[in-house]
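# Structural description and commentary
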Amino acid sequence: MDELCRGNTVRAVKHFIIAASQGVTKSLEELKNGYKSGYVTKSEYEQALRSNQKAKEAMKDNEETRQQMLAESKRNVTFHYK
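Computed from a prediction, not measured in an experiment: that's the story for all the values here.

Now for the overall build of the protein chain. Helix and strand counts for the protein chain stand at four helices and zero strands. Since a compact globule built from 82 residues should have a radius of gyration of about 12 Å, the 20 Å found for the protein chain marks it as more spread out than a globular shape. Over its C-alpha atoms, taken along the principal directions, the protein chain stretches across nearly 70 × 25 × 15 Å. Sorting the 82 residues of the protein chain into buried and exposed places 21% on the buried side. Contacts in the protein chain between residues at least 24 apart in sequence constitute 47% of all its contacts with a sequence separation of at least 6. Summing over all exposed atoms, the protein chain offers an accessible surface of approximately 6700 Å²; the carbon and sulfur share of this is 53%. Positive and negative side-chain charges in the protein chain, numbering 15 and 11 respectively, have mean positions lying 2 Å apart.

Here it is in structure tokens:
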């Protein structure tokens, strides 16, 4: 955002693309605004959309795997009472 305020739109777009590819929704919104304003190309915006979706799917898959492992570990716990 700082780069955008300084007028470094090309650099700002690169930063937003990187953040969007890591699943940051706010950056994707900024790229959408940039596309509407003409600072972001259609190709850049489409690529950001695809990579953002992949990142979110990967995060969801990781969370599901973590939940499954947690459930499995709870099933395998045995308590020994004295």
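Next, the rest of the story.
What follows is about the nonpolar core. Generally speaking, nonpolar side chains in soluble globular proteins are found buried as a group. With nine residues, the main nonpolar core is built from Ala12, Val13, Phe16, Ala20, Leu28, Leu31, Val40, Tyr45 and Ala48. At the level of elements, α2 (9-21), α3 (25-37) and α4 (42-75) are the ones that each hand at least two residues to this core. With sequence-adjacent residues up to four places away left out, alanine 48 is seen in contact with Ala20, Leu28 and Leu31.

Applying the stated criterion to the full structure yields two salt bridges. Of the charged contacts in the structure, one is a salt bridge between glutamate 63 and arginine 66, with a shortest N-O distance of 3.1 Å. Highlighted residues: glutamate 63 and arginine 66, both in helix α4, separated by three residues, approximately one helical turn.

The rules behind the values
Residues numbered from 1 in each chain as written. Predicted model: local features only at pLDDT ≥ 70, side-chain atom pairs only at ≥ 80, totals over all residues. Heavy atoms only, no water. Helix = DSSP H or I, 4+ residues; strand = E, 2+ residues; numbered from the N terminus. Rg over C-alpha atoms; globule rule 2.2 N^0.38 Å. Buried < 20%, exposed > 50% of the residue type's maximum accessible area, 1.4 Å probe, protein only. Contact = heavy atoms within 4.5 Å. Areas by Shrake-Rupley, 256 points an atom, 1.4 Å probe, with all protein chains shown as cover. Lys, Arg positive; Asp, Glu negative; His and termini not counted. Charge placed at Lys NZ, Arg CZ, Asp CG, Glu CD. Core = buried A, V, L, I, M, F, W, Y, C linked by side-chain atoms within 4.5 Å. Salt bridge = Lys/Arg side-chain N within 4 Å of Asp/Glu carboxyl O.

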